[in-house]
Amino acid sequence: QVQLVESGGGLVQAGGSLTLSCAASGRSFSSYAMGWFRQAPGKEREFVAGVNWSGGNARYADAVAGRFTISRDNAKNTLNLQMNSLKPEDTAVYYCAADRSPWSISYSYTSFDYWGQGTQVTVSS
């Protein structure tokens, strides 16, 4: 089992940047593929980005590709999401999640086994 704690959310103007972090504790961090999801009010939770156990393979939702970068540091048990050129439609609660299948990256939140509590990102126009 792994425990996940997100940080780094906040209020930013459109066009600005934020970096989210996820600190993991418990079972070996490198045993998991990791992902970021987000959920806006009244909407379903959606995939943002994912990375395999080594960090060598990453995937992005079309809405964020080219603006967001996911990375992980297995030595420090951390997952990051660098978000640039933020838009008001990026406003949501962002969640870090761990998948016990370390080699593949799933787009579905149902594939992820452990979740953080979420961090709010608000982008003003």
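Structure: see above.
Attention in this report is confined to the structure presented alongside it.

Things to note about the overall build of the protein
Working step 1: Scanning the protein from terminus to terminus reveals 0 helices and 11 strands.
Working step 2: Listing the helices and strands of the protein from first to last along the sequence gives β-β-β-β-β-β-β-β-β-β-β.
Working step 3: Computed over C-alpha atoms, the radius of gyration of the protein comes to 13 Å, within 12% of the 14 Å expected from 2.2 N^0.38 for 125 residues, which places it in the range of a compact globule.
Working step 4: For the protein, the C-alpha atoms occupy an extent of roughly 40 × 25 × 25 Å along the three principal directions.
Working step 5: With 125 residues in all, the protein has 42% of them scored as buried.

Observations concerning the side chain of Glu 6
Working step 1: Tracing the backbone through its elements, the reader meets Glu 6 in strand S1 (residues 2-7).
Working step 2: Salt bridges are absent for the buried Glu 6, whose nearest opposite-charge side chain, Arg 45, sits at 7.6 Å.
Working step 3: Only 2.8 Å separates the side chain of Glu 6 from the backbone nitrogen of Cys 96, close enough to count as a polar contact.
Working step 4: In this structure the side chain of Glu 6 is engaged in a polar contact, spanning 3.0 Å, whose partner is the backbone nitrogen of Gln 117.

Overview of the sheet that holds S1
Working step 1: Read from one edge of the open sheet, 4 strands run S1-S3-S8-S7, paired in antiparallel fashion. Every other strand in the sheet has two partners, leaving S1 and strand S7 (68-73) as the edge strands with one partner each. Across the sheet, the axes of successive neighbouring strands diverge by a mean angle of 15°, strand direction being ignored.
Working step 2: With 6 bridges connecting them, S7 and strand S8 (residues 78-83) associate as antiparallel partners. Residue pairing across strands places Ile 70 opposite Leu 81, the latter belonging to S8.

A few points about the environment of Pro 88
Working step 1: You can see Pro 88 is positioned in the loop between S8 and strand S9 (92-99).
Working step 2: Judged by relative accessible area, Pro 88 falls into the partly exposed class, the value being 34%.
Working step 3: Each C-alpha atom of the pair Pro 88 and Asn 77 lies 30 Å from the other, and the pair is 11 residues apart in sequence.
Working step 4: Beyond its immediate stretch of four places on either side in the chain, Pro 88 contacts Ala 14, Val 123 and Ser 125.

Conventions used here
Residues numbered from 1 in each chain as written. Predicted model: local features only at pLDDT ≥ 70, side-chain atom pairs only at ≥ 80, totals over all residues. Heavy atoms only, no water. Helix = DSSP H or I, 4+ residues; strand = E, 2+ residues; numbered from the N terminus. Rg over C-alpha atoms; globule rule 2.2 N^0.38 Å. Buried < 20%, exposed > 50% of the residue type's maximum accessible area, 1.4 Å probe, protein only. Lys, Arg positive; Asp, Glu negative; His and termini not counted. Salt bridge = Lys/Arg side-chain N within 4 Å of Asp/Glu carboxyl O. Polar contact = N/O pair within 3.5 Å; in protein donor to acceptor, adjacent residues only side chain to side chain. Pairing = 2+ DSSP bridges. Axes fitted to C-alpha atoms, helices over the stretch in contact; angles between N-to-C directions. Contact = heavy atoms within 4.5 Å.

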